[in-house]
Amino acid sequence: ELGRGCIVNTGATVDHDCRLADWVHVCPGAHLCGDVHVGQGSWIGAGSVVRQGIRIGEGVTLGVGAACIRDLPAGVIAVGVPARAMRRD
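What you are looking at is a predicted structure, and each value in this text was computed from that prediction instead of being measured. Along every chain, residues carry numbers that run from 1 in the direction the sequence is written. Local features in this predicted model are restricted to residues whose pLDDT is 70 or higher, and side-chain atom pairs enter the listing and the counts only when it is 80 or higher, whereas totals over whole chains, interfaces and linings include all residues. Computation of side-chain values: all heavy atoms of the structure, hydrogens and water removed.

Peer 1: Before we move on, can you summarise the overall build of the protein chain with the specific residues and values?
Peer 2: Counting secondary structure elements, the protein chain contains zero helices and 13 strands. Taken from the N to the C terminus, the helices and strands of the protein chain come in the order β-β-β-β-β-β-β-β-β-β-β-β-β. The globule rule puts the C-alpha radius of gyration for 89 residues at 12 Å, and the 11 Å found for the protein chain is close to it. Each principal axis of the C-alpha atoms in the protein chain carries an extent, and together these give about 30 × 20 × 20 Å. Two residues qualify as a contact provided that any one of their heavy atoms is within 4.5 Å of a heavy atom in the partner residue. For the protein chain, the proportion of contacts with a sequence separation of at least 24, taken over those separated by at least 6, is 0%. Per element, the accessible surface of the protein chain, about 4600 Å² overall, is 54% carbon and sulfur. Asp and Glu are treated as the negative residues and Lys and Arg as the positive ones, with His and the ends of the chain left uncounted. Here the site of a charge means atom NZ of a Lys, CZ of an Arg, CG of an Asp or CD of a Glu. Charged side chains of the protein chain number 8 positive and 8 negative; the gap between the two group centres comes to 9 Å. Per the convention used, a helix needs a DSSP run of H or I reaching at least four residues, while a strand needs a run of E reaching at least two, with both numbered from the N terminus. Two things to know: the radius of gyration comes from C-alpha atoms, and the globule rule equals 2.2 Å times the number of residues to the power 0.38. Methods summary: accessible areas were calculated by the Shrake-Rupley approach with a probe of 1.4 Å, and residue burial reflects only the protein chains presented.

Peer 1: I'd like a description of the nonpolar core, backed by residues and values.
Peer 2: Core analysis: the largest hydrophobic core is formed by 21 residues, its most contacted members being Leu-32, Ile-44, Val-50, Ile-56 and Leu-62. Ignoring sequence-local partners within four residues, the contact set of Leu-32 consists of Thr-13, Val-14, Asp-15, Cys-18, Leu-20, Val-26, Val-38, Ile-44 and Val-50. We define a nonpolar core as any set of buried Ala, Val, Leu, Ile, Met, Phe, Trp, Tyr and Cys residues linked to one another through side-chain atoms lying within 4.5 Å. Any residue under 20% of the maximum accessible area for its type is buried, any over 50% is exposed, and the rest in between are partly exposed; the area is computed with a 1.4 Å probe on protein chains only.

Peer 1: Describe the sheet that holds strand β6 (residues 37–38), with residues and values.
Peer 2: Taken in spatial order, the three strands of this open sheet run β3-β6-β9, and their pairing is parallel. At either end of the open sheet lies a strand with only one pairing partner, and these are β3 (19–20) and β9 (55–56). Bridge count for β3 against β6 is two bridges, and the pairing is parallel. Paired with Leu-20 across the bridge in β6 is Val-38. Here, strands pair whenever DSSP counts at least two bridges between them.

Peer 1: Just give me the short version of the side chain of Ser-42, but keep the residues and values in it.
Peer 2: Mapped onto the secondary structure, Ser-42 falls in the loop between β6 and β7 (43–44). Under this definition, polar contacts are N or O atom pairs within 3.5 Å; protein pairs additionally need one hydrogen-donor-capable and one acceptor-capable atom, and for neighbouring residues in sequence, both atoms have to be side-chain atoms. Looking at Ser-42, its side chain comes within polar contact range of the main-chain oxygen of Gly-39, at 3.2 Å. Only 2.7 Å separates the side chain of Ser-42 from the backbone oxygen of Gly-57, close enough to count as a polar contact. The contact partners of Ser-42, leaving out residues within four places of it in the chain, are Trp-23, Val-24, His-25, Ile-56, Gly-57, Glu-58, Gly-59 and Val-60.

Peer 1: Can you tell me about the sheet that holds strand β11 (residues 67–68), naming the residues and giving the values?
Peer 2: Spatial strand order, β2-β5-β8-β11: four strands in an open sheet with parallel pairing. Pairing within the sheet leaves two strands with one partner each, and these edge strands are β2 (13–14) and β11. Pairing of β2 with strand β5 (residues 31–32) involves two bridges; the strand directions are parallel. In the sheet register, Val-14 faces β5, and the bridge partner there is Leu-32.

Peer 1: Kindly report on a nonpolar patch on the surface, identifying the contributing residues and their values.
Peer 2: Patch building starts from residues that exceed 30% relative accessible area and form no salt bridge, then joins like charges within 9 Å and nonpolar side chains (Val, Leu, Ile, Met, Phe, Trp, Tyr) within 5 Å. Salt bridge criterion: a side-chain nitrogen from Lys or Arg within 4 Å of a carboxyl oxygen from Asp or Glu. On the surface, a cluster of nonpolar side chains totalling about 230 Å² of accessible area is made up of Leu-2, Val-8 and Val-14. Residue class for Val-14 comes out partly exposed when judged on its relative accessible area of 31%.

Below, the structure written as C-alpha cells:
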C-alpha cells in the first residue's frame, strides 16, 4: 500500500505486504523486504535495506547504505550497519 505523495525511486524495491504512509520517500537502490511498515514523512536512504517485518515510525530518516534490522521509533535519524538511532529531531 502506498500513501499519498510517496516516491519509490529508481532501482528501489518494495516487497509484499508493505505499507508506506503518506509522503514516504524510498531513495534509489533501497530495498524493503516483506511486511515493512513506514510511517508518514519518513525517508529511506539510497542503498539501504530494511529487514522483513520492521516498523519504522513517522518522520524517520534512515541513512544511506544502512541496514535496518530493528524497529525504529518516530523522529529518529538512524545510520550504519546495523542501523542505530543517532538522535531524535
